[in-house]
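A structural walkthrough
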Amino acid sequence: MPNSFSQKKDISALTIGASILPDTFDPDNFSQVNPWKNPMNWDMQVQLFDTLFEYDTKIMNNSKVQDTTKLLPVLAESITSSNDGYTHKIKLKENIISEYGNELTADDIFWSWQATKASSNMPHPPSTHWLDTKDPGEVGRWIALTGSAPVDTNPVSVLEKYVIEFKLREPSFAFQHILTMVLPPVYDATEAKKHSNKKDPFARKWLQRHSCGFSPYSILDISHEQVILQSRDNYSRINPQIKKIIYKLINHSERITQLQNNQIDILTGLSPLENEAFKKNAEIEVFEAFGNQQLSLQMDMKKYPFDDLSFRKALMYLMPYDEIINNEFIGHARAWNGVVSSINPAYEELFTGKTDIKLAKQLLSQSTYDGRKIELAYIEQSLIHKNIVTSISKQAKDINIQIVPQAISSQKMSDLQKKFQVPFAIAGGGHRCAEMSYAMPHDFGDKIYGITNWVDYNNDELNQLIEKIKFSRDNEERVNLIKKSHKIVAQDLPWIFIAQPNYSIAYKAGLKNISWRSRASGPQSYASLFWEN
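Treat the numbers as computed from the prediction; the structure is a model and nothing was measured.

Let us now look at the overall build of the protein chain. Counting its secondary structure elements, the protein chain contains 17 helices and 21 strands. Its C-alpha radius of gyration of 23 Å places the protein chain within 12% of the 24 Å reference for a compact globule of 533 residues. The buried share of the protein chain, reckoned over its 533 residues, is 58%. Taking as baseline every contact in the protein chain between residues at least 6 positions apart, the subset at least 24 positions apart corresponds to 71%. When the accessible area of the protein chain is evaluated, it comes to approximately 22200 Å², of which 48% is carbon and sulfur surface. Each charge class in the protein chain can be summarised by its mean position, and for the 59 positive and 62 negative side chains these summaries are 2 Å apart.

See below:
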């Protein structure tokens, strides 16, 4: 077997093992990006679209992770916010050139945010789910909404060639944080406009197959076997040591051997078993951090038997929490005793996270459950979800709750969830933004906000708090309001909060500067990585 140190490593290249290749290059066309079907599209976003800002990093539990208290400039040079929080003036860096030779200016930001506006002939929330509008720009539009930017008009004003100003609907503390996200993306408007027309004013058809951002990489080659990016010599923001990024299509069953045999350099989305397997190989390193991933059981409180709080609580107490964390995740997850990620600054423990069969039986006896079978949906491609659902159904059987595992393809699950047609499911998730107010509207807001509220949970008091939090300018008051919103969800219990899986990535020894950031659910920015000589 070849040895990674017996052969001279090309330190200018990085090969990523991909079970599916990226198939679209427009980050803000959700129906094309389809992150459940193709996570590599998210990875590609990070490489081809620089953001205005990014988080600095810090060391936590021996891992480099994002520091949400410190913003670093990327495409922007600086930001100045008004005292009342309604306006934010941004100075752009000069001499940032796209692969098409066009310089980044304020006009690019204006056009990019203009592209988030809803099409007049398309359905939009609350008449339909955010991810089911089939209208390009929908996710960027939702993110703009959560950052208090208006979505019916363009929030961007061009003040000077390199200066823009955002005017918000509310004095949002979250706004600066959404500028760390790829969505809404910053397009090279000069180039994109060349490919637009009356029917397609924002060149969505062309953008699907062409990169058109400002970044250190451009597309070199696309084939059925690989997608190759190459670095650009004229990109002034950063001169990456990784000159070539190769997304190599591999058989999922061969992931481990491909990395061990030096056919690829990096693997993302590790399973707990893969994580353990790589521990025995000195030539492979595994980076692991808490991250903000989550695992829950989600219940439609309008449907029997989940319309009964006693029944929902009975399910909560029968969960085999320790078995799931220790056996299924092999310790690569932590307890989830709150309603948001434990890295959220407003996180607090609201549950015990302990199995209590006696209490589960008592609560079940107080419920209206009559013994009928209940289908628990899971994504058939996920072995770990299958195992957890099987474990839950066995535990439930012991107290006479009949849970029947139901395997569903990822595409079908997505389609059904967007129509609120999955009343009981195990679900993973995570947030692209780590600002403390982001999670509540994301997961539990009404149809105006709840982009992953798959069970149509709706609490008027919570919705009012979501609005009130936007206007709070006092940090202590704001934290207390956010914590109050957490308590409302904990009392209603639309989800059972099972565990928080860790973020992990495996790579060849010698690759440096790996970190965890929430952007696009954790992909690395390969321009910041380098091989140790």
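Quick look at the nonpolar core now. In terms of nonpolar packing, the biggest core is built from 99 residues, with Ile109, Leu315 and Ile401 touching the most fellow members. Look past the residues within four positions of Ile109 in its chain and what remains in contact with it is Leu52, Leu92, Leu104, Val156, Ile164, Phe166 and Val186.

Our next topic: the sheet that holds strand 6 (residues 156-160). With antiparallel pairing, four strands are arranged side by side in an open sheet as 4-5-7-6. Edge positions in the sheet fall to strand 4 (76-81) and strand 6, since each of these pairs with one other strand and no more. Neighbour-to-neighbour, the strand axes of this sheet turn through a mean angle of 25°, independent of strand direction. Bridging between strand 6 and strand 7 (residues 163-167) involves four bridges; their strand directions are antiparallel. Residue pairing across strands places Val158 opposite Ile164, the latter belonging to strand 7. Set on the sheet, helix 3 (residues 106-114) makes contact with strand 5 (87-92), strand 6 and strand 7; between it and strand 6 the angle comes to about 170°.

Next up on the list: the packing of helix 10 (residues 309-318) against helix 12 (residues 357-365). Relative orientation of the contacting elements helix 10 and helix 12 amounts to 165°, with a least axis distance of 8 Å. For the element pair helix 10 / helix 12, the angle class is roughly antiparallel. Crossing of helix 10 over helix 12 shows left-handed handedness. Contact residues: Ser310, Phe311, Lys313, Ala314, Tyr317 and Leu318 in helix 10; Ile357, Leu359, Ala360, Leu363 and Leu364 in helix 12. Residue composition of the contact of helix 10 with helix 12, grouped by class: nine nonpolar, one polar and one charged.

A few words now on the packing of aromatic side chains. Summed over all chains, the structure comprises 17 aromatic pairs. Aromatic pair Phe351 and Phe497: ring centres 5.5 Å apart, planes at 20°, arrangement stacked. With Phe351 in the loop between strand 14 (333-335) and helix 12 and Phe497 in strand 18 (residues 495-501), this pair connects stretches of sequence that are 146 residues apart. Here Phe497 falls in the buried class, since its relative accessible area comes to 4%. Ring centres 6.1 Å apart and planes at 90° place the aromatic pair Phe444 and Tyr457 in the edge-to-face group. Residue Phe444 is found in helix 15 (residues 439-444), and its partner Tyr457 is found in the loop between helix 15 and helix 16 (460-471); the two are separated by 13 residues along the sequence. Each member of the pair Phe444 and Tyr457 is classed as buried. In this arrangement the basic side chain of Arg334 is found over the ring face of Phe290, its NZ or CZ atom lying 4.2 Å from the centre. One residue, Arg432, lies across the ring of Trp42, its end atom 4.4 Å from the ring centre.

As a further point, take the pattern of salt bridges. One pass over the full model with this rule turns up 20 salt bridges. The closest approach of N and O atoms between Glu348 and Lys487, which form a salt bridge, is 2.6 Å. Residue Glu348 is found in the loop between strand 14 and helix 12, and its partner Lys487 is found in helix 17 (residues 475-492); the two are separated by 139 residues along the sequence. With relative accessibility at 21%, the residue Glu348 sits in the partly exposed group. In this structure Lys487 comes out as partly exposed when scored by relative accessible area, which is 36%. Here the residues in one salt-bridge network are Asp300, Lys302, Lys303, Lys447 and Asp456, joined through shared partners.

Attention now moves to helix 4 (residues 138-146). Burial within helix 4 is extensive, with nine of its nine residues counted as buried. Within helix 4, burial applies to Glu138, Val139, Gly140, Arg141, Trp142, Ile143, Ala144, Leu145 and Thr146.

Inspection of every chain in the model, using the stated rule, returns five cavities of 30 Å³ or more. Its boundaries defined by the atoms lining it, the largest cavity holds a volume of some 160 Å³. As for the largest cavity, its lining consists of 14 residues, and the residues nearest its centre are Thr146, Ser437, Pro441, Ile466 and Lys470. Of all the secondary-structure elements, those providing two or more residues to the lining of the largest cavity are helix 15 and helix 16. The leading source of residues in the lining of the largest cavity is helix 16, at three residues.

With an omega of 5°, the peptide bond running from Pro125 to Pro126 counts as cis. Tracing the chain through its elements places Pro126 in the loop between helix 3 and helix 4. In the segment running from Leu183 into Pro184, the intervening peptide bond is cis, with an omega of -10°. Residue Lys134 is not a glycine yet carries a positive backbone phi of 60°. Mapped onto the fold, Lys134 is located in the loop between helix 3 and helix 4. Under the relative-accessibility criterion, Lys134 is labelled partly exposed at 49%. Non-glycine residue Leu493 carries a positive phi angle of around 60°. Secondary-structure assignment places Leu493 in the loop between helix 17 and strand 18. The buried category is assigned to Leu493, whose relative accessible area is 1%.

With respect to the helices and strands, Asp43 occurs in helix 2 (residues 40-48). In contact with Asp43, not counting residues within four places along its chain, are Tyr247, Pro523 and Tyr526.

The next thing to look at is the pairing of strand 10 (residues 244-249). Two strands pair when backbone bridges link them, and strand 1 (residues 13-18) and strand 10 are joined in this way by six bridges, in the parallel orientation. When the sheet's bridge partners are listed, Gly17 is paired in strand 10 with Lys248. Pairing of strand 9 (residues 226-231) with strand 10, which is carried by five bridges, proceeds in the antiparallel orientation. If you follow Gln226 over to strand 10, its bridge partner there is Lys248.

Cut-offs applied
- Residues numbered from 1 in each chain as written.
- Predicted model: local features only at pLDDT ≥ 70, side-chain atom pairs only at ≥ 80, totals over all residues.
- Heavy atoms only, no water.
- Helix = DSSP H or I, 4+ residues; strand = E, 2+ residues; numbered from the N terminus.
- Rg over C-alpha atoms; globule rule 2.2 N^0.38 Å.
- Buried < 20%, exposed > 50% of the residue type's maximum accessible area, 1.4 Å probe, protein only.
- Contact = heavy atoms within 4.5 Å.
- Areas by Shrake-Rupley, 256 points an atom, 1.4 Å probe, with all protein chains shown as cover.
- Lys, Arg positive; Asp, Glu negative; His and termini not counted.
- Charge placed at Lys NZ, Arg CZ, Asp CG, Glu CD.
- Core = buried A, V, L, I, M, F, W, Y, C linked by side-chain atoms within 4.5 Å.
- Pairing = 2+ DSSP bridges.
- Axes fitted to C-alpha atoms, helices over the stretch in contact; angles between N-to-C directions.
- Parallel < 35°, antiparallel > 145°, perpendicular 65-115°, else oblique.
- Left-handed = near helix turned anticlockwise from the far one by under 90°.
- Nonpolar A, V, L, I, M, F, W, Y, C, P; charged D, E, K, R; others polar.
- Phe/Tyr/Trp six-rings, centres within 6.5 Å; stacked < 30°, edge-to-face > 60°.
- Lys NZ or Arg CZ within 6 Å of the ring centre and 35° of its normal.
- Salt bridge = Lys/Arg side-chain N within 4 Å of Asp/Glu carboxyl O.
- 1 Å grid on protein atoms, 1.4 Å probe; cavity = no way out; pocket = protein on both sides within 12 Å on 5 of 7 lines; lining within 4 Å.
- Points joined across faces, edges and corners; volume = space filled by probe spheres on them.

Read these as spatial facts, not as claims about activity.
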